[in-house]
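Single-letter residue listing:
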Amino acid sequence: MSAEEVLMHAVELGKNFCLYFEDDDELECDALCKEKTLHRVLRNVNSQLLVVHPELNVAAFEDVTDQEMQSGKGMHFSIHCYKTTTPLAGLPVAFSVQVENKSYYMCCERECGKIIVRFKEGEVPKEIPGESNIIFFKKTFTSCCSQAFKFEYSMERGMFLAFEEEGYLRKLILKKLSEDEVDETMKMSLCKFSQNENHNL
């Protein structure tokens, strides 16, 4: 057997009904299966927090007081991490947020030739069998800035979550990134809610 050949054993269904192939002693999942959920706020390069306003159909980075952050209205995100067999693309994640006892998930939709970031009422699925407009790949922002991240849209490579100024708002958008370009509007930190905790993931 050559070094490039992989010996596959029997196929079996694992928990969450994901299809697994046994490769030596290690099981790999053929679909995206939710592995863990982190609870964080998303902070941009200006130390503003991402806040979702479903009633206005807007998500924007805003200046938030410590008291407002603790109340968490529209800004306490659940970051759902999925297991993947292609880790080089980045860690697959989905975002959801609670607003007034309702759960909203982040997704992207094409509208008038442009991809728009939306928040829709509903829950993030435990398993995703193929491509999905809710999945983003979490990547280190730069090799020398490992505590900050950028998030690439899984269905449109080279498009990342970012913000753009629109009047007094810094709205959440998808933005094209050229190879080897560094764009500070895409730089995000994942911070815990409590001021007493370590802020970075």
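Asker: Just to check I follow, could you spell out the overall build of the chain for this structure?
Answerer: Along its length, the chain carries one helix and 16 strands. Taking all 201 residues of the chain together, 43% fall into the buried category. Intrachain contacts of the chain at a sequence separation of at least 6 include 49% that bridge at least 24 residues. Split by element, the accessible area of the chain, about 11600 Å² in all, is 47% carbon and sulfur.

Asker: Even after reading the chapter, I still don't get the packing of aromatic side chains, so can you show me in this structure?
Answerer: Geometrically, a pair of aromatic rings is defined through the distance of the ring centres and the angle of the planes. In this structure the tally under the stated criterion is five aromatic pairs. Aromatic side chains Phe136 and Tyr153 sit 5.7 Å apart centroid to centroid with 40 degrees between the ring planes, which places their arrangement in the tilted category. Placement of Phe136 in strand S12 (residues 136–142) and of Tyr153 in strand S13 (residues 145–153) is noted, with a sequence separation of 17 residues between them. A residue is classified by how much of its surface remains accessible, and Phe136, at 0% relative accessible area, is buried. An aromatic cluster of three or more residues is present, and its members are Phe95, Phe136, Phe151 and Tyr153. A cation sits over an aromatic face here: Lys138 above Phe149, 4.1 Å from the ring centre.

Asker: Explain the environment of Glu35 to me, please; I cannot follow it from the model alone.
Answerer: Position of Glu35 among the secondary structure elements: in strand S4 (residues 32–43). Residue classification places Glu35 among the exposed positions, given a relative accessible area of 54%. Remark: the alpha-carbon pair of Glu35 and Tyr82, spanning 47 residues in sequence, is separated by 5.1 Å. In this structure, Glu35 is in contact with Cys81, Tyr82 and Lys83, ignoring residues within four places of it in sequence.

Asker: Teacher, can you tell me more about the environment of Glu164 here?
Answerer: With respect to the helices and strands, Glu164 occurs in strand S14 (residues 159–166). Contact partners of Glu164, with chain neighbours within four places excluded, come to Lys114, Leu169, Arg170, Lys171 and Ile173.

Asker: Where do I start with the nonpolar core in this structure?
Answerer: As a rule of thumb, nonpolar side chains are buried together in soluble globular proteins. Ranked by size, the top nonpolar core spans 30 residues in total, and within it Phe95, Phe119, Phe136, Phe151, Leu161, Leu172 and Leu174 carry the most contacts. A per-element tally of this core places strand S8 (residues 91–99) first, with four residues. Sequence-distant contacts of Leu174, that is, excluding residues within four places in its chain, are made with Cys108, Ile115, Val117, Phe136, Tyr153, Met159, Phe160 and Leu161. Of all hydrophobic cores here, the second largest spans nine residues; its members include Leu32, Ala94, Val124 and Ile135.

Asker: What's the story with the pairing of S14 in this structure? I'm lost.
Answerer: On a regular strand, one side chain projects to one face of the sheet and the next to the other, so that they alternate. The sheet contact formed by S14 and strand S15 (residues 169–176) spans eight bridges and is antiparallel. Bridge pairing in S15 links Glu166 to Leu169. In textbook terms, the turn of a hairpin is the stretch between consecutive antiparallel strands, and for S14 and S15 this stretch comprises two residues, one of which, Gly167, has a positive phi near 65 degrees.

Asker: I would appreciate a short explanation of the side chain of Glu152 in the present structure.
Answerer: Following the sequence through the fold, Glu152 ends up in strand S13. A distance of 3.4 Å separates polar atoms of two side chains, one belonging to Glu152 and the other to Arg157. Those residues in contact with Glu152, other than ones at most four positions away along the chain, are Ile135, Phe136, Phe137, Lys139, Arg157, Gly158, Met159 and Phe160.

Asker: Help me out: how do you make sense of the pattern of salt bridges in this one?
Answerer: Two side chains with opposite charge may pair up if their charged atoms get near one another. Considering all chains together, one arrives at ten salt bridges under this definition. Its salt-bridge partner being Arg110, residue Glu156 comes within 3.2 Å of it at the nearest N-O pair. Residue Glu156 is found in the loop between S13 and S14, and its partner Arg110 is found in strand S9 (residues 102–111); the two are separated by 46 residues along the sequence. Judged by relative accessible area, Arg110 falls into the exposed class, the value being 54%. In this structure, the salt-bridge partner of Glu111 is Arg118, at a minimum N-O distance of 2.3 Å. Assessed through its relative accessible area of 38%, Glu111 is described here as partly exposed. Several salt bridges converge on common partners, so that one network encompasses Glu109, Glu111, Arg118 and Lys120.

Definitions and limits used
- Residues numbered from 1 in each chain as written.
- Predicted model: local features only at pLDDT ≥ 70, side-chain atom pairs only at ≥ 80, totals over all residues.
- Heavy atoms only, no water.
- Helix = DSSP H or I, 4+ residues; strand = E, 2+ residues; numbered from the N terminus.
- Buried < 20%, exposed > 50% of the residue type's maximum accessible area, 1.4 Å probe, protein only.
- Contact = heavy atoms within 4.5 Å.
- Areas by Shrake-Rupley, 256 points an atom, 1.4 Å probe, with all protein chains shown as cover.
- Phe/Tyr/Trp six-rings, centres within 6.5 Å; stacked < 30°, edge-to-face > 60°.
- Lys NZ or Arg CZ within 6 Å of the ring centre and 35° of its normal.
- Core = buried A, V, L, I, M, F, W, Y, C linked by side-chain atoms within 4.5 Å.
- Pairing = 2+ DSSP bridges.
- Polar contact = N/O pair within 3.5 Å; in protein donor to acceptor, adjacent residues only side chain to side chain.
- Salt bridge = Lys/Arg side-chain N within 4 Å of Asp/Glu carboxyl O.

Geometric descriptors of this kind do not, in isolation, establish any biological role.
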